[in-house]
Amino acid sequence: MWLVDPLEPIYPDKNDLSGYSNTWRTDFPLGTQADVHVLLKIEKGENITLAAELNGELLDTSYWAHLLDVPVEQNTGLDSRTEQFIHKKNPYVVRRAPFRIFEVIKPLNKQPVAVKTDYSAFRLSIPSSIINKPGTYNFRIKVYSRAESFLGKFIVKVHPPRLPDLKESQFFYTNWFSLTNIEEYHDLRRWSKPWYTMMDKYAQLMAHGRQNSITLPAELIHFEKDEVVLEDAKMLAFINIFKKYGIKYFEAPHLMYRGENDDWGDPELKVILTKKRYYKENGKGDIEKLMIRIREFTTQNNLTNSWLQHIADEPTEVNADCYKDVVKQVKRIFPEVRIMEATNDRDGIAGAIDIWCPLINDFQENESFFREREKKGEKVLVYTCLIPGGKWLNRTLDMEKLRQVYFGWGAAFYNTGGYLHWGLNHYKADPFKQSVVKHPSPAASANNYLPAGDTHIIYPGKEGPLSSIRFESHRLGCEDYELLYSLKSIKKTNHYKLVNKLFRSYTDYNLDIKKYRKTRKKLFRSLP
């Protein structure tokens, strides 16, 4: 038995065990959980039971989870997508594909557990209610089978700094999600009572991961007989599910798109709800009606400061003029609304966006442009998707878990406000069986694949959503950002020194997990 840092990659077939032992000690602030992975090599077919205790008292079995492995069929590409796209080997991966890696965190509802792979892995998560005071906690772990037993020690040092509640978070974080996938995998009818119960479970998991913004269901705003219908009661019921967990931003559906054929060469955008071209088919009239109704709803329900409006995903130089015209119209009707967008263009849409969300490589390579936008009162977040690959930070399955953590440290280094990703659960195949999928665009070439795990960072369980090691690693980075933000307000020099120990750019960072843990400990000690 080996106790392993959850940031270490572990596999069901083979592992380098040289740095592991049956004892692991680490540090945490107040207000979060303490996690450790338990890696076992026990003969297939054996049944094993796991237990943990503190001060002689047995801990609840609900603190245990079984780690499930998933496939990585192709490696992430050197620039984007997978290696097949430009046929260049990417050396910045944890292992050459194909392989399987432990990823899914499934609550351990039944014991004993049958061993099915060469290595088995489990996760012990100690809730903040147990480690609720500063000090050292010594957890004793026992694993036993019919033939043998193992003992381990998980030593947790809890420091006085406390994480703020999610509603007080300074880090904007959104993962776009698919309601259709939730319904298909859990066999639910939209707006039914069981559906609301399941949505509550998803909201809890998102909030646990420190996500504080969600996308709103597009179907609740539609046209009937040329008039806008906004279903107030359902919209408010949906919003309130998430508000009670501290989620405070609500992203309205995109108004425009590139058309049914996803035509990147067309300069004229089309209205999503009516398919009308903005100029030639008077889509402008539809936008007028839409924004008048949205302004009315947000004003009546005190949502003006929480409502974020998307116009068209990834506006480009080609459609920039049309994009800006739509924004002018939207702002004339609803001046207070904030426009938020994942962007591909810069100069062509300057002045049209309140919250910029460029790809991290676009931000890093054009930082001076975004600094100028900040001077005008605009905010900057970053996003990743199938781009970028190579050494850039991203969260695909063949990357180090520290890369997910460092989205928080990158935001602290660059003083940016947060992170967006399109794939909370946008599965295009069974995510337990397939991680790399063909690009869904009709225009995608035969060698255009989405990299492993790009479509999702959580998994559908029988009783509700399942977290992942990548999702939890990203949470760590969000938590670190909160404490770095606090440190910056009282000890600015210390803040920059600590950040620079680990992070210098989105392609230049320290992958030594032990150094990360030591630096994180220094962060805790630097705060009152």
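Calculation notes
Per chain, residue numbering runs from 1 following the sequence as it is written. Local features in this predicted model are restricted to residues of pLDDT 70 or higher, and side-chain atom pairs are both shown and tallied only at a pLDDT of 80 or more, whereas totals for entire chains, interfaces and linings draw on every residue. Derived side-chain values reflect all non-hydrogen atoms in the structure, with water molecules and hydrogen atoms excluded from consideration. Any two strands are treated as partners once DSSP identifies two or more bridges connecting them. Secondary structure follows DSSP: runs of H or I at least 4 residues long count as helices, runs of E at least 2 residues long count as strands, and numbering of each begins at the N terminus. The contact criterion used throughout is that any non-hydrogen atoms of two residues lie within 4.5 Å. With axes taken as lines fitted to C-alpha atoms, and helix axes fitted only over the stretch in contact, angles between N-to-C directions fall between 0 and 180 degrees. Note on angle classes: values under 35 degrees are labelled roughly parallel, values over 145 roughly antiparallel, values of 65 to 115 roughly perpendicular, and the remainder oblique. Classification convention: Asp, Glu, Lys, Arg as charged; Ala, Val, Leu, Ile, Met, Phe, Trp, Tyr, Cys, Pro as nonpolar; all other residues, Gly among them, as polar. Exposure above 30% relative accessible area and the absence of a salt bridge qualify a residue for a patch, where like charges join within 9 Å and nonpolar side chains (Val, Leu, Ile, Met, Phe, Trp, Tyr) within 5 Å. Values of accessible area rely on a 1.4 Å probe in the Shrake-Rupley scheme; residue burial ignores everything except the protein chains shown. By convention in these notes, a salt bridge is any Lys or Arg side-chain nitrogen within 4 Å of a carboxyl oxygen on Asp or Glu. The convention is simple: Lys and Arg are positive, Asp and Glu are negative, and His and the chain ends are not counted. A charge is said to be at NZ when it belongs to Lys, at CZ for Arg, at CG for Asp and at CD for Glu. Two helices that cross are described as forming a left-handed crossing if the nearer one is turned anticlockwise from the farther one by less than a right angle, and a right-handed crossing if clockwise. A helix's residues, less one, multiplied by 1.5 Å, set its expected span. Three labels apply to residues, based on accessible area from a 1.4 Å probe with only protein chains included: buried if under 20% of the type maximum, exposed if over 50%, partly exposed otherwise in between. Buried residues of nine kinds, namely Ala, Val, Leu, Ile, Met, Phe, Trp, Tyr and Cys, make up a nonpolar core once their side-chain atoms join them within 4.5 Å. We call Phe, Tyr and Trp rings a pair once their centres come within 6.5 Å, taking the six-membered ring for Trp, and we label the pair stacked below 30 degrees between planes, edge-to-face above 60, and tilted otherwise. Cation placement over rings: the criterion is NZ of Lys or CZ of Arg within 6 Å of the ring centroid and within 35° of the ring normal.

> So what's going on with the sheet that holds strand 9 (residues 120–126)? Which residues, and what values?
Taken in spatial order, the seven strands line up as 1-3-9-6-7-28-27 in an open sheet, and their pairing is antiparallel. Both edges of this open sheet fall to strand 1 (2–4) and strand 27 (459–460), since each of them pairs with a single strand only. Sheet contacts for helix 2 (residues 193–208): strand 27 and strand 28 (465–468); angle to strand 28, the most-contacted strand, approximately 15°. Sheet strands touched by helix 9 (residues 469–490): strand 3 (34–40), strand 6 (64–72), strand 7 (99–107), strand 9, strand 27 and strand 28. Its angle to strand 28, the strand with the most contacts, is close to 65°.

> Can you lay out the pairing of strand 7 for me, pointing to particular residues and giving the numbers?
Bridge count for strand 6 against strand 7 is eight bridges, and the pairing is antiparallel. Paired with Val70 across the two strands is Ile101, which belongs to strand 7.

> Break down the packing of helix 10 (residues 492–502) against helix 11 (residues 513–526) for me, with residues and values.
Two packed helices can be described by the angle between their axes and the distance between those axes. At a closest axis distance of 10 Å, the pairing of helix 10 and helix 11 adopts a crossing angle of 170°. When the axes of helix 10 and helix 11 are compared, the pair comes out roughly antiparallel. Each of Leu498, Lys501 and Leu502 in helix 10 lies in contact with helix 11, whose residues at this interface are Lys515, Tyr516, Thr519, Lys522, Leu523 and Ser526. Counted by class, the contact of helix 10 with helix 11 contains four nonpolar, two polar and three charged residues.

> I'd like a rundown of a positive patch on the surface, residues and numbers included.
A cluster of like positive charges, contributed by Lys497, Lys501, Lys514, Lys515, Lys518 and Lys522, occupies part of the molecular surface. If you list the elements that add at least two residues to the positive patch, you get helix 10 and helix 11. Here the element with the most residues in the positive patch is helix 11; it accounts for four residues. Residue placement: Lys515 occurs in helix 11.

> Tell me about the environment of Gly45, residues and numbers included.
Secondary-structure assignment places Gly45 in the loop between strand 3 and strand 4 (47–54). For the pair Gly45 and Val113, spaced 68 residues apart in the sequence, the C-alpha separation amounts to 9.5 Å.

> Got a sec to walk through the packing of helix 8 (residues 402–414) against helix 11? Specific residues and values, please.
Look at helix 8 against helix 11: their axes get within 12 Å of each other, and the N-to-C directions meet at 30°. As for how helix 8 packs across helix 11, the hand of that crossing is left-handed. Where helix 8 approaches helix 11, its residues Leu402, Val405, Tyr406 and Trp409 are matched on the opposing element by Ile513, Tyr516 and Thr519.

> Which residues make up helix 9, and what values go with them?
With 22 residues, helix 9 extends 32 Å from end C-alpha to end C-alpha; this agrees with the ideal 32 Å at 1.5 Å per step. Of all 22 residues that make up helix 9, 18 are buried, and the element is covered over most of its length.

> Describe in detail the pattern of salt bridges, supporting the description with residues and values.
Side chains that differ in sign of charge can pair as their charged atoms come close. Counted under the stated rule, the structure contains 38 salt bridges. Among the salt bridges present, the one from Lys234 reaches Glu231, with a minimum N-O distance of 3.6 Å. Classification of Glu231 by relative accessible area gives partly exposed; the value is 25%. Its salt-bridge partner being Asp480, residue Arg520 comes within 2.8 Å of it at the nearest N-O pair. In this pair, Arg520 sits in helix 11 while Asp480 sits in helix 9, placing the two residues 40 residues apart along the sequence. In this structure, Arg520 and Asp480 share a single accessibility class: buried.

> Provide a residue-level description of the nonpolar core, including the pertinent values.
It is characteristic of soluble globular proteins that their nonpolar side chains tend to be buried jointly. Counting 100 residues, the largest nonpolar core has Phe177, Phe238, Phe242, Met256, Tyr323 and Tyr406 as its most contacted members. If sequence neighbours within four positions are ignored, Tyr323 has contacts with Leu269, Ile311, Ala312, Pro315, Ile339, Glu341, Ile349, Ala352 and Ile353. Judged by nonpolar contacts, the second largest core, of 32 residues, contains Met1, Leu54, Val113 and Phe150.

> Account for the side chain of Lys488, naming residues and giving values.
Its location among the elements puts Lys488 in helix 9. Among buried Asp, Glu, Lys and Arg side chains, Lys488 stands out as unpaired, with Glu374 the closest opposite charge at 9.6 Å. Discounting chain neighbours no more than four positions away, the residues touching Lys488 are Asn415, His495 and Tyr496.

> Give me the lowdown on the packing of aromatic side chains, citing residues and values where you can.
Evaluated as defined, the whole model comprises 35 aromatic pairs. Geometrically, the ring pair formed by Phe413 and Tyr414 is edge-to-face, given 4.9 Å between the ring centres and 85° between the ring planes. Owing to a relative accessible area of 6%, Tyr414 belongs among the buried residues under this scheme. Plain terms: the ring middles of Tyr481 and Tyr485 are 6.1 Å apart, the flat faces sit at 35° to each other, and that makes the pair tilted. Here Tyr485 and Tyr481 lie together in helix 9, a separation of four residues that amounts to about one turn. The buried category is assigned to Tyr481, whose relative accessible area is 6%. Taken together, the aromatic side chains of Trp356, Phe363, Phe369, Phe370, Tyr406, Trp409, Phe413, Tyr414, Phe503, Tyr506, Tyr509 and Tyr516 make up a single cluster linked through ring pairs. Over the face of the ring belonging to Tyr119 we find Lys41, whose NZ or CZ atom lies 4.7 Å from the ring centre.

By themselves, these are just geometric observations and shouldn't be taken as functional.
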